[in-house]
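Residue-level listing of the chains:
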Amino acid sequence: LVTPDPDFQLKPMVVEEPFTSEPASRRDLAPIADALDAELIRGSVSEVIAGAQVIMLADGMSLHYDFLVVCVGGHARGVYTGTTTVRAAGEAIGIDRLLAAAAGHESRRLALVVPPGVSWTLPLYEIALMSRRRAQELGLLDLRISLDTPEAAPLTVFGSVPSDAVAELLRARKIDFHGNVYVREADSGGLFTTPDGTPVDAGATIALPVVEGPLLAGLPHDDRGFI
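Sequence order sets the numbering: in each chain, residues are counted from 1 along the sequence as written. Predicted model: local features are reported for residues with pLDDT of at least 70 only, side-chain atom pairs are reported and counted for 80 or more only, and whole-chain, interface and lining totals are derived from all residues. Heavy atoms throughout the structure, all of them, feed into the side-chain values; hydrogens and water do not.

1. Topic: the overall build of the protein chain
A tally of helices and strands in the protein chain yields 4 helices and 16 strands. With the C-alpha coordinates of the protein chain rotated into their principal frame, the extents come out at 60 × 40 × 40 Å. Summary of the burial criterion: residues with accessible area below 20% of their type's maximum are buried, those above 50% are exposed, and those between are partly exposed, where the area comes from a 1.4 Å probe applied to protein chains only. Counting across all 227 residues of the protein chain, residues that qualify as buried make up 36%. Contacts were defined at the residue level, with two residues in contact if any of their heavy atoms lie within 4.5 Å. Put simply, of all contacts in the protein chain between residues at least 6 apart along the chain, 63% involve residues at least 24 apart. Within this scheme the basic residues Lys and Arg register as positive and the acidic residues Asp and Glu register as negative, but His and the chain ends are omitted. Where a charge lies is defined by one atom per residue type, namely NZ (Lys), CZ (Arg), CG (Asp) and CD (Glu). Across the protein chain, the mean location of the 18 positive side-chain charges is 9 Å away from that of the 30 negative side-chain charges. Secondary structure elements follow DSSP: runs of H or I of four or more residues count as helices, runs of E of two or more count as strands, with numbering from the N terminus.

Next up, the structure:
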């Protein structure tokens, strides 16, 4: 098992970290590898030489394989400057600070943004719902929360029935859904929506990252770098 990380983190649970005192669950990989009689090697794969059945690591080490399973995922990249990006570069979200900033702004709005090109949007819906609950706990009862996304309807990837249920849940929690919206960044650094050019007026903004492929040398990939 070749990995740069000493532990495994259940990433879907990372969105809960800002709202609780507990970090997302992690599991030490060493005892797991020992239990499976596997060798754990700390390192990053830089290249696959398929013809020779060899992988090269970033530190220059090479490993021969009979069979190779590649599960390296992608790289999260923030799209907008001056915006809090969900777990881009491992950063934590100071949710109480962001809610206070949004409540103190003349718009009294927290904007949650799905950038163009992002297909997995579920984490931002979770953040929207938990932000509403946290705002109520802090007494910020008139805080506005909006979700700007290229999706035509909430979580359409799951089909019409779940989408309708989520839409009703957002209405019940007073979270404004703005669909078919593509948020861009102006040269001045402000955010605006296309095609109408409306500025995103908010005291604080939280955005999902764009995930890019690993561009692993020696393996075929698409134009976004995914295997």
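After that view, the rundown keeps rolling.
2. Looking at the pattern of salt bridges
Should a side-chain nitrogen of Lys or Arg be within 4 Å of a carboxyl oxygen of Asp or Glu, the pair is scored as a salt bridge. One pass over the full model with this rule turns up 7 salt bridges. Between arginine 26 and aspartate 7 there is a salt bridge, and its shortest N-O distance comes to 3.1 Å. In this pair, arginine 26 sits in strand 3 (residues 26-28) while aspartate 7 sits in strand 2 (residues 7-9), placing the two residues 19 residues apart along the sequence. Judged by its relative accessible area of 44%, arginine 26 is partly exposed.

3. Some points on the environment of arginine 108
Its location among the elements puts arginine 108 in the loop between helix 2 (95-104) and strand 10 (109-113). A relative accessible area of 27% means that arginine 108 is categorised as partly exposed. Remark: the alpha-carbon pair of arginine 108 and leucine 143, spanning 35 residues in sequence, is separated by 5.4 Å. Ignoring anything within four residues of it in the chain, the contact list for arginine 108 reads Ala102, Ala103, Asp142, Leu143 and Arg144.

4. Considerations on the sheet that holds strand 6 (residues 54-57)
In space, the 3 strands of this open sheet follow the order 5-6-7, with antiparallel pairing throughout. With partners counted over all chains shown, the strands left at the sheet margins are strand 5 (45-49) and strand 7 (62-64), one partner each. Between one strand and the next, the sheet's axes are offset by a mean angle of 20°, whatever the strand orientation. Of the strand pairs in this sheet, strand 6 and strand 7 are connected by 3 bridges, and their pairing is antiparallel. If you follow valine 54 over to strand 7, its bridge partner there is histidine 64. We treat two strands as partners when DSSP finds at least two bridges between them. Axis geometry follows a simple rule: fit a line to the C-alpha atoms, using only the stretch in contact for helices, then measure angles between N-to-C directions, giving values from 0 to 180 degrees.

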